[in-house]
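Okay, here's what each chain looks like letter by letter:
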Amino acid sequence: MGEARSGPTLPRKTSEGSETMTDPTHTRRSPGKLVLSLRNVSKRFGAVSALTDIDLDVHAGEVVALVGDNGAGKSTLVKVLAGVHQPTAGTITFGGKQVTLDDPGAALDLGIATVFQDLALCENLDVVANIYLGRELNPLRLDEVAMEVKAWTLLNELSARIPDVRDVVASLSGGQRQTVAIARSLLLDPELIMLDEPTAALGVAQTAEVLNLIERVRDRGHAVIMISHNMEDVRAVADRIVVLRLGRNNGVFYPDASNQELVAAITGATENAVSRRATRRQEEQQVQGQETS
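Everything quoted here is computed from the prediction, not taken from an experiment.

Colleague: Help me understand the pattern of salt bridges in this model?
Modeller: Any two side chains of opposite charge can pair, on the condition that their charged atoms come close. Using the criterion set out here, one finds 10 salt bridges in the structure. As a salt-bridge pair, Glu-62 and Arg-240 come within 2.8 Å of each other at their nearest N and O atoms. Residue Glu-62 is found in the loop between strand S4 (48-59) and strand S5 (63-67), and its partner Arg-240 is found in strand S11 (residues 240-245); the two are separated by 178 residues along the sequence. According to the relative accessible area criterion, Glu-62 is buried, its value standing at 6%. Its salt-bridge partner being Glu-123, residue Arg-177 comes within 2.7 Å of it at the nearest N-O pair. Taken together, the residues Arg-177 in helix H5 (residues 174-186) and Glu-123 in the loop between strand S8 (112-115) and helix H3 (127-131) connect sequence positions 54 residues apart. Glu-123 sits in the partly exposed class, given a relative accessible area of 42%.

Colleague: How should the packing of aromatic side chains be read in this particular structure?
Modeller: Both the distance between ring centres and the angle between the ring planes are used here to describe each pair of aromatic rings. Evaluation of the coordinates by the stated rule reveals zero aromatic pairs. The residue whose ring lies beneath Lys-43 is Phe-45, and the NZ or CZ to ring-centre distance is 5.0 Å.

Colleague: It is not clear to me how the packing of H5 against helix H6 (residues 204-219) should be interpreted in this structure. Could you clarify?
Modeller: Working note: a packed helix pair is described by the angle between its axes plus the distance between those axes. Two numbers describe how H5 lies on H6: the axes approach to 8 Å, and their chain directions differ by 15°. By the angle between their directions, the pair H5 and H6 is classed as roughly parallel. Relative to H6, H5 is oriented so that their crossing is right-handed. In this structure, H5 contributes Gly-174, Gly-175, Gln-176, Gln-178, Thr-179, Ile-182 and Leu-186 to the contact, and H6 contributes Gln-206, Glu-209, Val-210, Leu-213 and Val-217. In terms of residue class, the contact of H5 with H6 is built from five nonpolar, six polar and one charged.

Colleague: Even after reading the chapter, I still don't get the environment of Gly-221, so can you show me in this structure?
Modeller: Mapped onto the fold, Gly-221 is located in the loop between H6 and strand S10 (223-227). Between the C-alpha atoms of Gly-221 and His-59, which are 162 residues apart in sequence, the distance is 9.3 Å. The residues contacting Gly-221, other than those within four sequence positions of it, are Ala-60 and Gly-61.

Colleague: Before we go on, may I ask you to explain unusual backbone geometry in this structure?
Modeller: Only a minority of non-glycine residues have a phi that is not negative, and only a minority of peptide bonds are not trans. The residue Ser-159 is not glycine, and still its phi comes out positive at about 55°. Inspection of the secondary structure puts Ser-159 in the loop between helix H4 (144-157) and H5. With a phi close to 50°, Asp-189 is a non-glycine residue in the positive phi region. With respect to the element layout, Asp-189 can be found in the loop between H5 and strand S9 (192-196).

Colleague: Quick question: what am I supposed to make of the nonpolar core here?
Modeller: Proteins that are soluble and globular tend to have nonpolar side chains buried together. Core analysis: the biggest nonpolar cluster contains 35 residues, and Val-127, Ile-131, Leu-155 and Ile-214 have the highest contact counts within it. Counting residues per element, the ones that place at least two in this core are H3, H4, H5, S9, H6 and S10. Other than its neighbours up to four places away in sequence, Leu-155 contacts Val-127, Ile-131, Ala-160, Ile-162, Val-165, Thr-179 and Ala-183. In this structure, Leu-77, Ala-82, Leu-192 and Leu-244 belong to the second largest nonpolar core, which totals 31 residues.

Colleague: Help me understand the sheet that holds strand S7 (residues 97-99), please; the structure alone is not making it clear to me.
Modeller: The pairing of strands in a sheet happens through backbone hydrogen bonds and is either parallel or antiparallel. Spatially, S4-S3-S6-S7 is the arrangement adopted by the four strands of the open sheet, whose pairing is antiparallel. Strands with a single pairing partner mark the edges of an open sheet, and in this sheet they are S4 and S7. Along the sheet, successive strands turn relative to each other by an average axial angle of 25°, direction set aside. The pairing of strand S6 (residues 89-94) with S7 spans three bridges and is classified as antiparallel. Bridging across to S7, Ile-92 finds its partner in Val-99.

Colleague: What's the story with H5 in this structure? I'm lost.
Modeller: Helix length check: H5, at 13 residues, gives a terminal C-alpha distance of 19 Å against a target of 18 Å (1.5 Å per residue), a fit within 8%. Taken across its 13 residues, H5 has 12 buried, putting it largely inside the fold. Every buried residue of H5 is listed here: Gly-175, Gln-176, Arg-177, Gln-178, Thr-179, Val-180, Ala-181, Ile-182, Ala-183, Arg-184, Ser-185 and Leu-186. Where H5 is buried, its residues contact S8, H3, H4, S9 and H6.

Procedures and definitions
Residues numbered from 1 in each chain as written. Predicted model: local features only at pLDDT ≥ 70, side-chain atom pairs only at ≥ 80, totals over all residues. Heavy atoms only, no water. Salt bridge = Lys/Arg side-chain N within 4 Å of Asp/Glu carboxyl O. Helix = DSSP H or I, 4+ residues; strand = E, 2+ residues; numbered from the N terminus. Buried < 20%, exposed > 50% of the residue type's maximum accessible area, 1.4 Å probe, protein only. Phe/Tyr/Trp six-rings, centres within 6.5 Å; stacked < 30°, edge-to-face > 60°. Lys NZ or Arg CZ within 6 Å of the ring centre and 35° of its normal. Axes fitted to C-alpha atoms, helices over the stretch in contact; angles between N-to-C directions. Parallel < 35°, antiparallel > 145°, perpendicular 65-115°, else oblique. Left-handed = near helix turned anticlockwise from the far one by under 90°. Contact = heavy atoms within 4.5 Å. Nonpolar A, V, L, I, M, F, W, Y, C, P; charged D, E, K, R; others polar. Core = buried A, V, L, I, M, F, W, Y, C linked by side-chain atoms within 4.5 Å. Pairing = 2+ DSSP bridges. Expected span 1.5 Å × (residues − 1).

The structure is reproduced here in structure tokens:
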């Protein structure tokens, strides 16, 4: 989405306790049911406070991008939601009920699936084996045909570009491997899917393929949390952008927010290279306007 906006930008307070930049002329999709709600979630590691009073809402059929500088707490928050870490304080509500995520199995049973940055794929196994890894049909006597049919069905629903589900993962591109990891997370039909840097180290074509896949996952009605450092990728698919800074909420934005606003929220500095460039462009446009008038 472009940065040009015809209406004024109006800040307002959200239920997540931070300022949101809104544009009354921008059309947004209506949120579905509330899937996940965090209130005052904190996580401490000894004397280090990784998260402090985090508020977050995620709805069905919505992509929420989680952005922030290194050390902002993004990965820690995802690990709390994945059941890897338990919060020190605060409440987690999932599907309208307050829950406790004691371990990754509990999170998965509730309907929270996570695709970490390393993907956790076995390169020596084929696509079907990776999708069903640990969840094989009839494990004592594998039902290879049923698993292959289900794998093809799932990949076709996602319009995935996998030439053959019997190809070993080692032969696939980075984008195709990400597709396999996402398809595996969808096997149990979770309500919430979390993606940690899904486009990291991918080329342009592979990045576009993964972003298209994320949109199709959203269109299936799943709630999606996406961590990314790439603002263009975030703008392409996110419905809302939640900024974390030093383990705290530091704003909720929509994709039409300017780079200047996002960088200021992420870094905490209103004076930076992006803001100076925006100021120069504005001054140049004013000079050009005066010369033509």
